[in-house]
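Architecture at a glance
Listed here are the chains, written in short residue letters.
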Amino acid sequence: MMLLRNLFAAICVLNLAVGAPFAHAAVSKTTDQKLKTLTLKDKLKILEQKQNGKNEHFIFDLPVTYNHKVSYWISYFQTRGKNFFRNWLEKSSKYMPYIQAELKKAGLPGDLGYMVMIESGFSATATSSASAVGPWQFIPSTGKAYGLNQNYWIDERRDLQKSTKAAIRYMKALHEEFGSWYLVAASYNMGEGGLRSKIRKFGTKDYWELVRLGALPQETQDYVPKILAALMIAKAPNLYGFRNLDHEFPLSYEFVKAPAGTDIELLADYLSVTRKSLKDLNAELVLGYIPKTSKQHWIRVPVGSLGVAQQFFRDQNKKFALD
């Protein structure tokens, strides 16, 4: 029975992608006949029920809603936005394993990780007009409130590990207040103060009702549908036309304590890796080096290069001593 329910849920999701009945060889004739008698609306209702905690979570761990707004963004990512969305899908294999592992470890839905895809396309250097920075797009004040240091040489909002942990603490606080993952996303996008006032004014904590009433900024009205569209496509990319993806390898690195004065570009040359790759691993170093006036700092180096990096630091110390 458990296997049958799993297959039934999976088929409902596949139907969303192809827009037509889909039969798997392992599904019994009885189940197949039942599926054929259901309308798309009925299938969507079943899927929503399963993903809203009324049954086990088979595929998504966020509530799934499929409506015209979600449909619009699925279509957009398949057409006008196909090139950049393909790039995001290829990058997701590099960053999502870490992000989702941290979310699940903290007891949050792993699918909240798709917020990073929509926020920044996984870019550590992404910057918005509101001065939001990094993969999770923290504005300066919120970043500081959740422990992310920012000064002339370091911006921890750009660090995937540190910003993910900060985002988890932030989203936990938002969920404690609003009690809905859709409202968590909405408040993350527009600010909790703004959402708070809209809820008071319109007397509802239903995200879709707030959208229907035009209570939310357009960007926030689109934000949750974009996330839902992104995760639906990412779960079954082939079915949405994203085939032969060139997936990037998951993040892999070692930590080493680097002394003051370390230049990331010179270290990259010494390690025989590209300067860009090492700077990407250490995106929080805004200037690409640790100032001589600062204390030593933990940095990331490719797996297997720890000993070589430590030798570089010894060589640099000898050079500084001679200078």
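Here, every reference points to the structure presented above.
One structure accompanies this document, and this report is about it.

The next subject is the packing of helix α9 (residues 181-190) against helix α12 (residues 218-235). Between α9 and α12, whose axes approach to 9 Å, the crossing angle comes to 130°. With respect to each other, α9 and α12 are oriented oblique. In terms of crossing hand, the pair formed by α9 and α12 is right-handed. From α9, Y182, A185, A186, Y188, N189 and M190 reach across to α12, where they touch E219, T220, Y223, V224, I227 and L228. Within the contact of α9 with α12, the residues separate by chemical class into nine nonpolar, two polar and one charged.

What follows covers the nonpolar core. Counting residues in hydrophobic clusters, the biggest one holds 62 residues, and the most contacted among them are F85, I99, W136, M171, Y188 and Y207. Put simply, the parts of the chain that give this core at least two residues each are α4 (68-78), α5 (82-105), α6 (114-120), α8 (160-178), α9, α10 (192-202), α11 (207-212) and α12. Looking at this core element by element, the count peaks at nine residues for α12. Ignoring anything within four residues of it in the chain, the contact list for W136 reads I99, L112, M115, V116, E119, S163, T164, A167, M171 and Y188. A258, A268, L271 and A309 belong to the second largest nonpolar core, which has 17 residues in total.

On to the pairing of strand β2 (residues 297-301), then. Counted residue by residue, β2 has four buried out of five residues, so it is predominantly covered. Sheet topology note: the strand β1 (residues 254-258)/β2 ladder contains five bridges and is antiparallel. Looking at the pairing, A258 lines up with H297 of β2.

So, about a nonpolar patch on the surface. On the surface, a cluster of nonpolar side chains totalling about 370 Å² of accessible area is made up of Y152, V286, L287 and Y289. Residue class for Y289 comes out partly exposed when judged on its relative accessible area of 33%.

Bringing the side chain of N282 into the picture now. Residue placement: N282 occurs in the loop between α14 (275-281) and β2. Looking at N282, the relative accessible area reads 5%, which means it is buried. Separated by 2.7 Å, the side chain of N282 and the backbone nitrogen of R300 make a polar contact. With near-sequence residues (within four places) excluded, N282 lies in contact with I264, I299 and R300.

Moving on, we come to α4. Those residues of α4 that fall on the buried side of the exposure criterion are K69, V70, W73, I74 and F77. The arc that holds the buried residues of α4, viewed along the axis, is 140°, so those residues lie on one side. The secondary structure elements touched by the buried residues of α4 are α5, α6, α11 and α12. The backbone nitrogen of K69 has a side-chain oxygen 3.1 Å away, supplied by the residue at the start of α4, namely N67.

This part covers the pattern of salt bridges. One side chain can pair with another of opposite charge once the charged atoms of both are near each other. If you walk through the whole model with that rule in mind, you get 14 salt bridges. Between R157 and D155 there is a salt bridge, with its nearest N and O atoms 2.8 Å apart. Given a relative accessible area of 6%, R157 falls into the buried group. For D155, a relative accessible area of 9% gives the class buried. Measuring nitrogen to oxygen at the nearest pair gives 3.2 Å for the salt bridge that ties E156 to K162. Connected through shared salt-bridge partners, E265, D269, R275 and K279 make up one network.

Time to look at the packing of aromatic side chains. Counted under the stated rule, the structure contains 24 aromatic pairs. On the numbers, 4.9 Å between centres and 55° between planes, the contact of F84 with W88 is tilted. Residue F84 and its partner W88 are both found in helix α5; the two are separated by four residues, about one turn of the helix. Residues F85 and F242 carry aromatic rings whose centres are separated by 5.5 Å and whose planes lie at 55° to one another, so their mutual orientation is tilted. Of this pair, F85 sits in helix α5 while F242 is found in the loop between α12 and β1, placing the two residues 157 residues apart along the sequence. Of the two residues, F85 and F242, neither departs from the other in class, the shared state being buried. Over the aromatic face of W73 sits the side chain of K226, whose NZ or CZ is 4.6 Å from the ring centroid. A cation over an aromatic ring shows up here: R300 above the ring of Y253, its NZ or CZ 4.9 Å from the ring centre.

Calculation rules
- Residues numbered from 1 in each chain as written.
- Predicted model: local features only at pLDDT ≥ 70, side-chain atom pairs only at ≥ 80, totals over all residues.
- Heavy atoms only, no water.
- Axes fitted to C-alpha atoms, helices over the stretch in contact; angles between N-to-C directions.
- Helix = DSSP H or I, 4+ residues; strand = E, 2+ residues; numbered from the N terminus.
- Parallel < 35°, antiparallel > 145°, perpendicular 65-115°, else oblique.
- Left-handed = near helix turned anticlockwise from the far one by under 90°.
- Contact = heavy atoms within 4.5 Å.
- Nonpolar A, V, L, I, M, F, W, Y, C, P; charged D, E, K, R; others polar.
- Core = buried A, V, L, I, M, F, W, Y, C linked by side-chain atoms within 4.5 Å.
- Buried < 20%, exposed > 50% of the residue type's maximum accessible area, 1.4 Å probe, protein only.
- Pairing = 2+ DSSP bridges.
- Patch = residues over 30% accessible without salt bridge, like charges linked within 9 Å, V, L, I, M, F, W, Y side chains within 5 Å.
- Areas by Shrake-Rupley, 256 points an atom, 1.4 Å probe, with all protein chains shown as cover.
- Salt bridge = Lys/Arg side-chain N within 4 Å of Asp/Glu carboxyl O.
- Polar contact = N/O pair within 3.5 Å; in protein donor to acceptor, adjacent residues only side chain to side chain.
- Arc of directions from axis to C-beta.
- Phe/Tyr/Trp six-rings, centres within 6.5 Å; stacked < 30°, edge-to-face > 60°.
- Lys NZ or Arg CZ within 6 Å of the ring centre and 35° of its normal.

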